[in-house]
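# Secondary and tertiary structure notes
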Amino acid sequence: MSPSLIQRLAHARRAYAALESFARRRARFLEALDLDALAKDDSRMLEAETDRLMLTLAEAWLFVDHIEQQIAEAREDGEKHAVSIGPDIEQPQTTPADAER
């Protein structure tokens, strides 16, 4: 059974929070370093890794936002979505027209 959208959202938010926490700790660590004392290659590598981390953070936030949009659409559309939203959302009821099909 695949995870519900609510479970996926909770997991994505936890992953984003952990990544954001790592980025903050890393930034504090880099602030304490004497970057001028590093070799140029090391300095460039740190810059590239910082850029990659910021891109990963942005992509993670977009993923969280995407799941939130899916949940909102599923709530709006109700019967149109056949995905598992989660236990806190009513599942669509069959209508008499559906029973006749």
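As shown above, the structure is provided for reference.
Calculation notes
- Residues numbered from 1 in each chain as written.
- Predicted model: local features only at pLDDT ≥ 70, side-chain atom pairs only at ≥ 80, totals over all residues.
- Heavy atoms only, no water.
- Salt bridge = Lys/Arg side-chain N within 4 Å of Asp/Glu carboxyl O.
- Helix = DSSP H or I, 4+ residues; strand = E, 2+ residues; numbered from the N terminus.
- Buried < 20%, exposed > 50% of the residue type's maximum accessible area, 1.4 Å probe, protein only.
- Lys, Arg positive; Asp, Glu negative; His and termini not counted.
- Contact = heavy atoms within 4.5 Å.

## Examining the pattern of salt bridges
Applying the stated criterion across every chain, the model contains four salt bridges. For the salt bridge of E68 with R13, the shortest nitrogen-to-oxygen distance reads 2.5 Å. Remark: R13 occurs in helix α1 (residues 5-32) and E68 occurs in helix α2 (residues 40-77); sequence separation between them is 55 residues. Classification of E68 as partly exposed rests on a relative accessible area of 25%. Its salt-bridge partner being D41, residue R44 comes within 2.5 Å of it at the nearest N-O pair. Within this pair, R44 and its partner D41 are both found in helix α2, separated by three residues, close to a single helical turn.

## Notes on the side chain of R26
Here R26 lies in helix α1. The buried charged residue R26 lacks any salt bridge, with E49 as its nearest oppositely charged partner at 5.7 Å. Apart from residues lying up to four places away in sequence, R26 is in contact with L46, E49, T50 and L53.

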